[in-house]
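Structure assessment
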Amino acid sequence: MATDLGELLVPYMPTIRVPKTGDRVFKSECAFSFDSPESEGGLYVCMNTFLGFGREHVERHYRKTGQSVYMHLKRHVKEKSTGAAGGAIPRRRNGKVFLDLELNRDFNGEDYEYEDEAKLVIFPDHFEIALPNIEELPALVTIACDAVLNAPSAYKKQEPESWEEEIQVSRHARSLRQLDNGVRIPPSGWKCQKCEMRENLWLNLTDGALLCGKWFFDGSGGNGHALDHYKETKHPLAVKLDTITPDGADVYSFEEEEAVLDPQISEHLSHFGIDMLQMQKKTENGLHTDNNARPRVSEWEVIQESGMKLKAVYGSGYTGIKNLGNSCYLSTVVQVLFSIPDFQRMYVGNLQRIFDYSPLDPTQDFATQMAKVGHGLLSGQYSKPPVKSELIEQHQQKGLSPRMLKALVSRGHPEFSSNRQQDAQEFFLHMINLVERNSTSSENPSDAFRFLVEERVQCCQTRRVRYTQRVDYCIQLPAPIEAATNREELLAYEAKRREAEENVRTPPEPVRARIPFTACLQAFTEPENVPDFWSSALQAKSAGVKTSRFASFPEYLAVQIKKFTFGVDWVPKKLDLGIDVPDFLDLSRLRATGLQSGEEELPDLMPPIVLPEDSRDNSMSSLDSPEIDEAAVMQLAEMGFPLEACRKAVYYTGNMGPEMAFNWIIAHMEEPDFAEPLLLPSMLGPGPSISADSPMGATPLDNSPPEESIAILTSMGFPRAHTIQALQATNNNLERALDWIFTHPEQDESDTLSNMADTEPNDNALSNANSHSDSTLSPDRDTSGPRVKDGPGRYELFAVISHMGASTMSGHYVCHIKKEGRWVIYNDHKVCLSERPPKDLGYIYFYHRLSSS
């Protein structure tokens, strides 16, 4: 028999591998579904790729790859038979087979026992070989099987090897010299000192310079001014502003080129007026609360509907998501997204096509993992009621484990890749960004959220105006405390609180501010001052005000209530307030009007740019011998693109980082010379000037804009002719050219600016604010503009994400979704009918547009 098995396996020996250091063994979950060794069909682990597949999907992998040998893992869960002594100790057969696999916590360990089984299966004949079988199997196969069986499961392996565990103390931390320059960092209103970036900001711990970081995998980041500052000053350490907690902060050493620990971070931050020890504090249960705040018991009870006999619901659309530890922000956002038909059609409706065309490693494919989660939530396969009534307490709703999706969507992101709690609104926008980047077909579900905002800026001195438009996916509404309907009660509470504090007495019961939703909308529409406004009419800085309106209304509207702020002492706090959010909303009066008769536009000029002498010298020398950022080239090449194409992408986008170069690649990869070697102008020698239409673009002596600038804008989706026109009109300034494109859409001269927001030309858009009876996709009207689905501004509430706790970096998220005419609460893996949805305590509200009938 040993000879027979050896001969049987001979043809497959070259495909059987032994897991090496760095190989991830997916033996706890299928790449396409949530099947596990405990599922009815068990789990098949490929002995070459170590990917796991459920019974339904293993045949697809075999057909696609030709890999024939799989290890089949099966865990049998049985009720323990109790004897006269009152029970037996749980026994485990083949105890080492499933090393490092967690027990199913939905089963009470005292009432159940586990029996594990492993065998080799050879496709396509499904020939089975029981394990262990040392005597009969070839030595290589035995070694490979032992290695797979004893390897930690893929996501368990990541935890001890995460960057948070490997960070070392910086050699600069204890000897860091801090300049006594009087710099104090305010608790809010931050922006980069060298550009307009307001996120991914880093504080240099030597001189207090506040500058933006570099580009990240998810598309966020900055222009690298923090790194430039280090190169100029050699000040080595910087801290990321929005990561500061009493437990520490994210510190980066430019000199050591890695994330580091700073044991003196508290002292270093206090030098700039930041008291990190007074920020939120971690409690024993893993949640966070404000150091000085009273327990928010009532909020937790109200939002989770504690104390009520909530009825559990099962089936399609009623599947919960397990909490991996501070992952509820992901669960709530994903539940809302997959309650929207656009996302259901894209990922679940196209499930078989997505799975069939998935890459060889489906765990790293965004569409595959979204389809997997979407099918898991909507199929009802993982949300079935208990079979036996006596098992209700022991076998509650299991829910899906989002480990594979979370690992993928958070990869390369400094915040979401950590195990800390995150802001659900930021993650919502992060997911929309990933959907955008991975929707290569005409079907893009994020179109449902996309809308245009018209911003009107007016110079207070000349009264002249400028209209611009920007794309957005979520409207942020201020919460004006001064508009509270119970203001007298709030004032009385504040007086009692101060008195109790002065007399060291127990503080009074907190009073929650009640704010009308109309007051939030009014605060959104009110003019706001524009900091550092430069008036092109005066050619100087002046006072300016900005107002915002909807240039289009989306199919689905996300509304965030700005409940979080920083105190003067840098303590992040959540405003205790309730908003009387309506079930039905009409925003028609907030439709943008465009330039009105009698208004005079500001001249299309930008502030003069004065380059330092050394910058001018460097830019001139770069024309003679252009440099290419080889680090960016290699980063793109690692994604699988041809090396020469990567070099051209980096060159034509002016060394502005891998994101811009990536966009160039996507826009030009169908061109026949895509992978041809890069020919720099200096290589061409003397000869006639190169045409702007040639692949290489124009030489510096030509009047046409530089090809690299054209490439940057065309990679964003704008037509080449329109891009050249924009650059010529703005003296080849990229920022001004981008602004010019949005304010000068490519259209006939007879068209007006209002056409960008309206489906029909009209002289007075305000009088026709309700004329949008049908949804229209913006590219049908203006192929150069952003895609938007415009329609009436009337909505109905269908989902609410609520937050409990003192800070977005702590606490817990729950969502309520209206399905089949009834409200349902999704609290991690638990899904129940809602008795009293706490609409007034929501953080993000989701509305769907009402039909025009």
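Here's what I pulled together on the structure shown here. Keep in mind that this is a model prediction, so the values were computed, not measured. Throughout this description, residue numbers start from 1 for each chain and increase along the sequence as written. Under the rules for a predicted model, residues below a pLDDT of 70 receive no local features and side-chain atom pairs below 80 are neither given nor counted, while totals for whole chains, interfaces and linings still include all residues. Water and hydrogen atoms play no part in the side-chain values, which are based on all heavy atoms of the structure.

A closer look at the packing of aromatic side chains
Applied cut-off: Two aromatic rings, drawn from Phe, Tyr or Trp (for Trp, its six-membered ring), form a pair once their centres lie within 6.5 Å of each other, and the interplanar angle then sorts them: stacked below 30 degrees, edge-to-face above 60, tilted otherwise. Helix and strand assignments come from DSSP, with helices taken as H or I runs of at least 4 residues and strands as E runs of at least 2, each series counted from the N terminus. As a reminder, the over-ring test applies to NZ of lysine and CZ of arginine, requiring each to be within 6 Å of the ring centre and within 35 degrees of the ring normal.
For the structure shown, the criterion picks out 26 aromatic pairs. Relative to Phe-123, the ring of Tyr-62 has its centre 6.0 Å away and its plane inclined at 35 degrees; by these criteria the two rings are tilted. In this pair, Tyr-62 sits in helix 2 (residues 58-65) while Phe-123 sits in the loop between strand 5 (112-122) and strand 6 (127-130), placing the two residues 61 residues apart along the sequence. The rings of Phe-343, Phe-428, Phe-449, Tyr-556, Phe-798 and Phe-846 are connected pair by pair, giving a single aromatic cluster. Across the ring face of Phe-32, the terminal group of Arg-60 is positioned such that the distance to the ring centre comes to 5.2 Å.

Some words on the pairing of strand 16 (residues 465-472)
Put simply, the rule reads: Remark: exposure states derive from per-residue accessible area (1.4 Å probe, protein chains only) relative to the maximum for the residue type, with buried under 20%, exposed over 50%, and partly exposed in between. Two strands make a pair as long as DSSP finds a minimum of two bridges between them.
Summarising burial for strand 16: six of the eight residues are buried, a large majority. Sheet topology note: the strand 15 (residues 451-459)/strand 16 ladder contains eight bridges and is antiparallel. By the bridge assignment, Glu-455 is partnered in strand 16 with Thr-468.

Quick notes on the sheet that holds strand 16
Pairing is antiparallel across the open sheet formed by four strands, whose spatial order is 16-15-22-19. The outermost strands of the open sheet, each flanked by one partner alone, are strand 16 and strand 19 (528-529).

As for the nonpolar core
Selection rule: Side-chain atoms within 4.5 Å link the members of a nonpolar core, which is a set of buried Ala, Val, Leu, Ile, Met, Phe, Trp, Tyr and Cys residues. It only takes one pair of heavy atoms within 4.5 Å for two residues to be counted as in contact.
Core analysis: the largest hydrophobic core is formed by 94 residues, its most contacted members being Leu-120, Tyr-347, Phe-449 and Phe-846. The contact partners of Leu-120, leaving out residues within four places of it in the chain, are Met-47, Val-69, Tyr-70, Met-71, Phe-127, Glu-128, Ile-129, Leu-131, Leu-137, Val-141 and Cys-145. By size, the runner-up hydrophobic cluster in this structure holds 33 residues, among which are Leu-490, Leu-521, Val-581 and Trp-823.

With respect to the pattern of salt bridges
For clarity, the threshold we go by: Within this document, salt bridges are pairs made up of a side-chain nitrogen of Lys or Arg and a carboxyl oxygen of Asp or Glu, the two lying within 4 Å of each other.
Going through the model one piece at a time under the given rule, you end up with 32 salt bridges. Here Glu-256 and Arg-171 are joined by a salt bridge, their closest N and O atoms 4.0 Å apart. Of this pair, Glu-256 sits in the loop between strand 11 (251-253) and strand 12 (258-261) while Arg-171 sits in the loop between strand 7 (168-169) and strand 8 (201-204), placing them 85 residues apart in sequence. We classify Glu-256 as buried; its relative accessible area is 17%. Put simply, Glu-455 and Arg-470 hold a salt bridge, and the shortest N to O gap is 2.7 Å. Of the two residues, Glu-455 is situated in strand 15 and Arg-470 in strand 16; the sequence distance between them amounts to 15 residues. Take Glu-455: its relative accessible area is 14%, and that puts it in the buried class.

Things to note about unusual backbone geometry
Here Phe-123 and Pro-124 are connected by a cis peptide whose omega angle stands at 10 degrees. As for its position among the elements, Pro-124 is in the loop between strand 5 and strand 6. With an omega dihedral of 0 degrees, the bond running from Leu-131 to Pro-132 counts as a cis peptide bond. The residue Glu-257 is not glycine, and still its phi comes out positive at about 60 degrees.

Some words on the packing of helix 19 (residues 643-652) against helix 20 (residues 658-668)
In a packed pair of helices, the relevant descriptors are the angle between the two axes and the axis-to-axis distance. This is how the line gets drawn: Every angle, taken between N-to-C directions, lies between 0 and 180 degrees, and every axis is a line fitted to C-alpha atoms, over only the stretch in contact when it is a helix. Note that the term roughly parallel is reserved for angles under 35 degrees, roughly antiparallel for angles over 145, roughly perpendicular for angles of 65 to 115, and oblique for everything else. Handedness of a crossing follows from how the near helix is turned relative to the far one, being left-handed for an anticlockwise turn of less than a right angle and right-handed for a clockwise one. Three classes are used: nonpolar for Ala, Val, Leu, Ile, Met, Phe, Trp, Tyr, Cys and Pro, charged for Asp, Glu, Lys and Arg, and polar for all others, with Gly counted as polar.
For the pair helix 19 and helix 20, the least separation of the axes is 8 Å and the interaxial angle reads 120 degrees. By the angle class used here, helix 19 and helix 20 are oblique. Taken as a pair, helix 19 and helix 20 cross one another with a handedness that is right-handed. Of the residues in helix 20, those in contact with Ala-645, Cys-646, Lys-648, Ala-649, Val-650 and Tyr-652 of helix 19 are Ala-661, Trp-664 and Ile-665. Here the contact of helix 19 with helix 20 is built from residues that sort into eight nonpolar, no polar and one charged.

As for the environment of Ala-543
Relative to the assigned elements, Ala-543 resides in the loop between strand 21 (540-541) and strand 22 (544-550). Taking relative accessible area as the criterion, Ala-543 reaches 45% and is therefore assigned partly exposed. Here the alpha-carbon distance between Ala-543 and Cys-460, two residues 83 residues apart in the chain, equals 5.6 Å.

Some thoughts on the environment of Cys-520
As for its position among the elements, Cys-520 is in helix 16 (residues 517-525). Among residues more than four places away in sequence, those in contact with Cys-520 are Leu-477, Pro-478, Ala-479, Pro-480, Ile-515 and Ile-579.

Remarks on the sheet that holds strand 12
Think of a sheet as strands paired side by side through backbone hydrogen bonds, with each pair either parallel or antiparallel. Spatially, six strands are ordered 7-12-11-10-8-9 in an open sheet, and the strand pairing comes out mixed. Since the sheet does not close on itself, it has two edges, and those belong to strand 7 and strand 9 (210-212), each with one partner. Where strand 11 lies against strand 12, three bridges are found, and the strand directions are antiparallel. Within strand 12, the position partnered with Ser-253 by the bridge is Glu-258. With respect to the sheet, helix 6 (residues 225-233) is in contact with strand 8 and strand 9, its orientation differing from that of strand 9 by roughly 120 degrees.

Structural notes on helix 2
To keep it simple, the criterion reads: Arc definition: directions from the helix axis to the C-beta atoms.
Taken together, the buried positions of helix 2 are occupied by Val-58, Arg-60 and His-61. For helix 2, the angular spread of the buried residues around the axis is 155 degrees, confining them to a single face. A positive backbone phi angle near 80 degrees is found at Gly-66, which sits one or two residues after helix 2.

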